[in-house]
Amino acid sequence: WVRQGSQAILETDFCTDSGPEFVNEAYESVLHKRGNITHSITSVNVKDGKVERAVQTVTWLLRTCLIEANLRKTWWSLIAETIVHVLNRSWNVTHDGVPFTLMFDQVPDVSYFRQPGCWAIAHIMDKDRSKLDERAKYVRFVGYDVPRRC
């Protein structure tokens, strides 16, 4: 579904490159189940599709965050989730608005945003400590609890 103004319409024509995420039986079966949706493959040399451009943007930001925060590559999945979470709540020139606002008709709360890799203080639950133990510890921030922040 794609939102245009106040209407949500079903997009029925997709143009992608011949990447493995688009050229497989599972993807074709999803398109078939959704109805009369056409899928065409463009030449990679002509222009990357919208999906490829979005993946490229997330990859660039992911690399930048890992280097800037001095985090190991093993943290890539949490940082990638954080990047997508922030991008969905940031201004997008292509959509001429904030994707979260366009989808849910409300302004997202971004007051909790933090830079990946920054120092944070995590509370230690009562059940995990004794009376004289520390109540918090210093940790590195690697992402948001996305299910709670939707």
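Just so you know, these numbers come straight off a predicted model, no measurement behind them.

**Q** Can you help me understand the packing of aromatic side chains in this one?
**A** Centre-to-centre distance and the angle between the planes together describe a pair of aromatic rings. Summed over the entire model, instances satisfying the criterion amount to five aromatic pairs. For the pair F100 and F104, a centre-to-centre distance of 4.9 Å together with 50° between the ring planes defines the contact as tilted. Residue F100 and its partner F104 are located together in helix α4 (residues 99–104), separated by four residues, close to a single helical turn. Residue F100 is classed as buried on the basis of its relative accessible area, which comes to 8%. Relative to Y144, the ring of F113 has its centre 5.8 Å away and its plane inclined at 35°; by these criteria the two rings are tilted. With F113 in the loop between α4 and β5 (119–123) and Y144 in the loop between β6 (136–140) and α5 (146–149), the pair connects residues that are 31 residues apart, well separated along the chain. Given the relative accessible area of 22%, F113 is considered partly exposed.

**Q** What's the story with the side chain of H85 in this structure? I'm lost.
**A** Residue position: H85 is located in helix α3 (residues 76–87). Exposure remark for H85: the relative accessible area of 4% places this residue in the buried category. Of the polar contacts made by the side chain of H85, one reaches the side chain of Y112; its length is 2.7 Å.

**Q** I keep staring at the nonpolar core and nothing clicks. Help me out?
**A** One recurring pattern in soluble globular proteins: nonpolar side chains tend to sit buried together. In terms of nonpolar packing, the biggest core is built from ten residues, these being V58, L62, C65, L66, A69, L71, I79, A80, I83 and V142. At the level of elements, α2 (50–69) and α3 are the ones that each hand at least two residues to this core. Examining the composition of this core, we find that five residues originate from one element, α2, more than from any other. When residues no more than four places from it in sequence are discounted, the contact partners of L66 are L71, R72, K73, W75, W76 and I79.

**Q** Just to check I follow, could you spell out the confidence of the model for the chain for this structure?
**A** For residues with low pLDDT, the predicted coordinates do not support detailed interpretation. Here the chain shows a mean pLDDT of 80. Residues at 70 or above account for 75%. Confidence scores differ between elements of the chain, with strand β1 (residues 2–4) showing the lowest mean pLDDT of 53 and β6 the highest of 93.

Here is what the cut-offs are and how they apply
Residues numbered from 1 in each chain as written. Predicted model: local features only at pLDDT ≥ 70, side-chain atom pairs only at ≥ 80, totals over all residues. Heavy atoms only, no water. Phe/Tyr/Trp six-rings, centres within 6.5 Å; stacked < 30°, edge-to-face > 60°. Helix = DSSP H or I, 4+ residues; strand = E, 2+ residues; numbered from the N terminus. Buried < 20%, exposed > 50% of the residue type's maximum accessible area, 1.4 Å probe, protein only. Polar contact = N/O pair within 3.5 Å; in protein donor to acceptor, adjacent residues only side chain to side chain. Core = buried A, V, L, I, M, F, W, Y, C linked by side-chain atoms within 4.5 Å. Contact = heavy atoms within 4.5 Å. pLDDT = per-residue confidence, 0-100.

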